[in-house]
Amino acid sequence: MRLHRLICVLLTALGVAPVLADSSRNNPTMDWLPPAVDWQDAQTLILTLDDYWYQPNDIELTGDQPYRVVLNNVSDVSTHDLVDLAFFHAVVLYKVNVDGIELVTPHIHNISLRPNSKATLYLVPKVAGEYEVFCSVPGHREEGMDGLVTIIEPGSPR
């Protein structure tokens, strides 16, 4: 229990809020990863975070496909985050790289980035649906810092 608490403190200090995974339908685990995922062939999506906006603010992901989602906070002064518990429970998170520090964790609740910092999420979408993501910094969502991530079933027409 002490080790778990220490890991949670370290991850939180890096801006990552970890959660424990189970094998329920709404909480995919590493066992749900397709066999032999080739992360070199993963599609890279770049999401820019700046004061009061995400660019792009709507993203479509295909289920069972590996992605590298790069979050780039270009603000010189503001910390920004990406929050939506349902979204983070609809994907299998392989690992997270925050400012060059690699974390292997099955799930997070959100990811927070200091000014002028980057994070890369290595993930595979598993649960189709629409997920409203937003910045939880007071006032940011109200000013328009939100978006929609849509996960479509593999083989679905676009």
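Not measured: the values here are computed from a predicted model. (Residues numbered from 1 in each chain as written. Predicted model: local features only at pLDDT ≥ 70, side-chain atom pairs only at ≥ 80, totals over all residues. Heavy atoms only, no water.)

Enquirer: Outline the overall build of the protein chain, supporting the account with residue identities and numerical values.
Expert: Scanning the protein chain from terminus to terminus reveals two helices and 12 strands. For the protein chain, the residues scored as buried account for 47% of the 158 residues in total. (Helix = DSSP H or I, 4+ residues; strand = E, 2+ residues; numbered from the N terminus. Buried < 20%, exposed > 50% of the residue type's maximum accessible area, 1.4 Å probe, protein only.)

Enquirer: Explain the nonpolar core to me, using residue names and the numbers behind them.
Expert: Core analysis: the biggest nonpolar cluster contains 31 residues, and Leu61, Leu71, Phe87, Ile111, Leu121 and Leu123 have the highest contact counts within it. The element that contributes the greatest number of residues to this core is strand S7 (residues 91-98), accounting for four residues. Apart from the residues within four sequence positions on either side, leucine 61 is in contact with Leu45, Tyr67, Phe87, Leu123, Pro125, Val149, Thr150, Ile151 and Ile152. (Core = buried A, V, L, I, M, F, W, Y, C linked by side-chain atoms within 4.5 Å. Contact = heavy atoms within 4.5 Å.)

Enquirer: Now, about the packing of aromatic side chains: what can you tell me, with residues and values included?
Expert: All told, the structure shown has four aromatic pairs when counted by the stated rule. Judged by centre distance (5.9 Å) and plane angle (80°), the rings of tryptophan 39 and tyrosine 122 are edge-to-face. Linking tryptophan 39 in the loop between strand S1 (16-18) and strand S2 (43-50) with tyrosine 122 in strand S10 (residues 117-125), this pair joins segments that are 83 residues apart in sequence. No difference in accessibility class separates tryptophan 39 from tyrosine 122, as the two residues are buried. The ring of tyrosine 122 carries lysine 95 above its face, with NZ or CZ at 4.7 Å from the centroid. The aromatic ring of phenylalanine 134 is capped on one face by arginine 141, whose charged end is 4.0 Å from the ring centroid. (Phe/Tyr/Trp six-rings, centres within 6.5 Å; stacked < 30°, edge-to-face > 60°. Lys NZ or Arg CZ within 6 Å of the ring centre and 35° of its normal.)

Enquirer: Outline the confidence of the model for the protein chain, supporting the account with residue identities and numerical values.
Expert: Of the residues in the protein chain, 77% reach a pLDDT of 70 or more, and the chain-wide mean stands at 82. Low confidence marks residues 1-10, where pLDDT is under 50. Its contacts with residues over four positions away, or in another chain, come to two contacts. Here residues 16-25 is a poorly scored stretch, pLDDT under 50, and it has 34 contacts once near neighbours within four places are set aside; other chains count. (pLDDT = per-residue confidence, 0-100.)

Enquirer: So, the sheet that holds strand S5 (residues 67-73): which residues are in play, and what are the values?
Expert: The sheet built from six strands is open, its strands ordered S3-S2-S5-S10-S7-S8 with mixed pairing. The outermost strands of the open sheet, each flanked by one partner alone, are strand S3 (53-55) and strand S8 (101-103). Ignoring strand direction, the axes of neighbouring strands in this sheet form an average angle of 20°. By the bridge criterion, three bridges tie S2 to S3 in an arrangement that is antiparallel. Residue pairing in the sheet places leucine 49 in a bridge with tyrosine 54 of S3. (Pairing = 2+ DSSP bridges. Axes fitted to C-alpha atoms, helices over the stretch in contact; angles between N-to-C directions.)

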